[in-house]
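Residue strings, one per chain:
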Amino acid sequence: MISSSKIKSVDFYRKIPRDLTEASLSGAGLSIIAALSMLFLFGMELNNYLTVTTSTAVIVDKSTDGDFLRIDFNMSFPSLSCEFASIDVSDVLGTNRLNITKTIRKFSIGPDLRPTGSEFHSMPVIHSLKHGEEADDDSAEGSHMITANNFDSYSHEYPILVVNFYAPWCYWSKRLKPSWEKAAKTMRERYDPEMDGRILLAKVDCTEEVKLCRRHHIQAYPSIRIFRKGSDVRDDHGHHDHESYYGDRDTDGLVKAMEELVAPIPLEESHKLALDGKHKNTAENVKRPAPKAGGCRIEGYVRVKKVPGNLIISARSGAHSFDTSEMNMSHVISHLSFGRKLSPKVMSDVQRLIPYLGGSHDRLNGRSFINHREVGANVTIEHYLQIVKTEVITRRYSHQHSLLEEYEYTAHSSLVQSIYIPAAKFHFELSPMQVVITEDPKSFSHFITNVCAIIGGVFTVAGILDAILHNTMRMMKKVEIGKNF
């Protein structure tokens, strides 16, 4: 059996009797400093252990979220009518999608960028409209010419006033002219303005009556508007409650549509029933409420292939002409992001771990791009976007999983004069590389080892300093009493 004396022989920490030790003020001071140093270094080590550290690497993109990329946006165009606003997508592979409507919402907005009513619903795209014969310069004038001076009197006099806002240089206005004049003449013969007075067909030359056309937010030619007596509100910040006609433009089609407008209105009490019959006629498929303001807020999303491409917002119509010199594609970007939409909570949680992440996720948010016409007309505003995917990977207990996948981008914008219809263009290109941010976990055993090193190291260093200080003081005392050694 091993005796206790033999066990004591392996004691590394043999004790010195207290009677043989001597306390000193210098030793006490060093002990206090050593204890404070241990506490400070322990706190620093604990903070370092609790702090999340990451490593960043750039690798070839190995996305697992499919071949398509989602683009979310919310933009306001103060001078683009929702009536003609079109969202188009194209890419280098030949994809060319025009006038996307399924995932898009439009709201008419005023100069203050606030909506002026409910959502603006676009009608199905009309690929072909019936037109009459080519313009005949000698055709009889059947419609009344209206100016800014007499527009109000005409709109108050007739229960239904149908106005053709046109431009003499416009191809579609020229094609409409003979049919419009014949239809106006026919309606005048059937419903004499003096004897009957239920309907009147008129026209406005927008090259001469510029202010009148702007007042009614005319942005394309020809624009046929239906005004009902008493429904045109002129005092509500410039908003006008009337309808746009989008039916056939041949004589028979126009006459038929006009007859359907008049049908619900008896000769007597025509003023009252002009409003009552507003929703009772059968021509709803060829007309819809006209925009109440000249601007448009466009929001929604589109899905694009992960190849270089374009998102284009412009005015588009297959049966109207646009005066490009008067078009202004100024816009305010409230939101523009790529990839799946991240909730604020997810983004805040990630930024708590990685503060610098997400700074370029929505770089253009809140920015305005206004054309003050200092560079002239026909101005297209272009944005060049370089997109990079960022993935955050966490590691826990030798397992790793993807915490977040987002797309960040850089943006460069410019104003360019063009011979084509002005537009807002977003050219995007995805990088073939992706950034991988990996959380580096810290071992608890490493933390314990560092704590032991701190305690042992500080204790040892303090002991060495105490010995040096103690021996130095003894030597000084011996020198003072004249002893040599």
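Everything that follows concerns the structure shown earlier in this document.
Residues numbered from 1 in each chain as written. Predicted model: local features only at pLDDT ≥ 70, side-chain atom pairs only at ≥ 80, totals over all residues. Heavy atoms only, no water.

1. What about the overall build of the protein chain?
Here's step 1: Secondary structure summary: the protein chain contains nine helices and 19 strands in total.
Here's step 2: Looking at the 485 residues of the protein chain, the share that counts as buried comes to 43%.
Here's step 3: For the protein chain, the computed accessible surface area is about 27,500 Å², with 56% contributed by carbon and sulfur atoms. (Helix = DSSP H or I, 4+ residues; strand = E, 2+ residues; numbered from the N terminus. Buried < 20%, exposed > 50% of the residue type's maximum accessible area, 1.4 Å probe, protein only. Areas by Shrake-Rupley, 256 points an atom, 1.4 Å probe, with all protein chains shown as cover.)

2. Let's talk about the state of the cysteines
Here's step 1: Counted under the stated rule, the structure contains two disulfides.
Here's step 2: In this model, Cys 82 is linked to Cys 296 through a disulfide, with the two sulfur atoms separated by 2.1 Å. Looking along the S-S bond of the Cys 82-Cys 296 disulfide, the torsion reads about 100°, which is the right-handed sense. With Cys 82 in the loop between strand E2 (68-77) and strand E3 (85-91) and Cys 296 in strand E13 (residues 295-305), this residue pair connects regions lying 214 residues apart in the sequence. Summarising the burial analysis for this pair, Cys 82 and Cys 296 share the class buried.
Here's step 3: Note on cysteine connectivity: Cys 206 is disulfide-linked to Cys 213, with sulfurs 2.1 Å apart. With the S-S bond torsion at -90°, the cross-link from Cys 206 to Cys 213 turns out left-handed.
Here's step 4: Assessed through its relative accessible area of 5%, Cys 206 is described here as buried.
Here's step 5: Indicated for the protein chain is the disulfide connectivity 1-4, 2-3, based on numbering the bonded cysteines in sequence order. (Disulfide = S-S within 2.5 Å.)

3. Description of empty space enclosed by the protein
Here's step 1: Under the counting rule described, the total for this entry stands at two cavities of 30 Å³ or more.
Here's step 2: Roughly 40 Å³ of volume is contained in the second largest cavity.
Here's step 3: If you trace the second largest cavity, you find it lined by Gly 142, His 144, Ala 184, Met 187, Arg 188, Pro 193, Ile 199, Leu 200 and Leu 201.
Here's step 4: Those elements giving two or more residues to the lining of the second largest cavity turn out to be helix H4 (171-190) and strand E9 (199-205).
Here's step 5: A class-by-class count of the residues in the lining of the second largest cavity yields six nonpolar, two polar and one charged. (1 Å grid on protein atoms, 1.4 Å probe; cavity = no way out; pocket = protein on both sides within 12 Å on 5 of 7 lines; lining within 4 Å. Points joined across faces, edges and corners; volume = space filled by probe spheres on them. Nonpolar A, V, L, I, M, F, W, Y, C, P; charged D, E, K, R; others polar.)

4. Details of helix H9 (residues 444-480)
Each α-helix winds once per 3.6 residues, and so residues spaced three or four apart point in a common direction.
Here's step 1: Relative to the 54 Å expected for 37 residues at 1.5 Å per residue, H9 spans 54 Å between its end C-alpha atoms, a close match to the ideal helical length.
Here's step 2: Those residues of H9 that sit buried are Phe 447, Val 451, Ile 454, Val 458 and Ala 462.
Here's step 3: For H9, the elements touching its buried residues are helix H2 (25-50).
Here's step 4: Just downstream of H9 lies Gly 482, where phi reads positive at about 80°. (Expected span 1.5 Å × (residues − 1). Contact = heavy atoms within 4.5 Å.)

5. Quick word on the side chain of Ser 314
Here's step 1: Mapping Ser 314 onto the fold places it in strand E14 (residues 309-315).
Here's step 2: Among the residues examined, Ser 314 registers a relative accessible area of 6% and is labelled buried.
Here's step 3: Excluding anything up to four places from it in sequence, Ser 314 contacts Leu 80, Phe 84, Ala 85, Ser 86, Asp 88, Met 329, Pro 422 and Ala 423.

6. Here's the deal with the layout of surface pockets
Here's step 1: The computed volume of the second largest pocket comes to approximately 580 Å³.
Here's step 2: Mapped onto the lining of the second largest pocket, the elements with two or more residues apiece are H2 and H9.
Here's step 3: Looking at the lining of the second largest pocket, its residues break down into nine nonpolar, six polar and two charged.

7. Brief notes about the environment of Phe 151
Here's step 1: Within the element layout of this structure, Phe 151 appears in helix H3 (residues 151-157).
Here's step 2: Residue Phe 151 is classed as buried on the basis of its relative accessible area of 0%.
Here's step 3: Between the alpha carbons of Phe 151 and Val 204 there is a distance of 9.3 Å; along the sequence they are 53 residues apart.

8. Here's the deal with a nonpolar patch on the surface
Here's step 1: On the surface, a cluster of nonpolar side chains totalling about 320 Å² of accessible area is made up of Ile 2, Ile 7 and Val 10.
Here's step 2: Locating Val 10 in the fold gives a position in the loop between helix H1 (4-8) and H2. (Patch = residues over 30% accessible without salt bridge, like charges linked within 9 Å, V, L, I, M, F, W, Y side chains within 5 Å. Salt bridge = Lys/Arg side-chain N within 4 Å of Asp/Glu carboxyl O.)

9. Describing the pairing of strand E19 (residues 423-440)
Here's step 1: Sheet topology places strand E1 (residues 53-60) next to E19; eight bridges connect them, and they run antiparallel. The residue bridging Val 60 from the neighbouring strand is Met 433, located in E19.
Here's step 2: Pairing of E14 with E19 involves six bridges; the strand directions are antiparallel. Looking at E19, one finds that Ser 314 is bridged to Ala 423. (Pairing = 2+ DSSP bridges.)

10. Focus on the environment of Arg 367
Here's step 1: Here Arg 367 is to be found in strand E16 (residues 367-369).
Here's step 2: Classification of Arg 367 as partly exposed rests on a relative accessible area of 40%.
Here's step 3: In this structure, the C-alpha to C-alpha distance between Arg 367 and His 335, residues 32 residues apart in sequence, is 9.1 Å.

11. Examining unusual backbone geometry
Here's step 1: Cis geometry is found at the peptide bond from Tyr 221 to Pro 222, where omega equals -10°.
Here's step 2: At Leu 113, a position not held by glycine, the phi torsion is positive, near 70°.
Here's step 3: On the secondary structure map, Leu 113 appears in the loop between strand E5 (104-109) and strand E6 (115-120).
Here's step 4: Among the residues examined, Leu 113 registers a relative accessible area of 28% and is labelled partly exposed.
Here's step 5: Although it is not a glycine, His 217 adopts a positive phi angle of roughly 55°.
Here's step 6: Mapped onto the elements, His 217 comes out in the loop between helix H5 (210-215) and strand E10 (223-228).

Distances and angles like these do not, on their own, reveal function.
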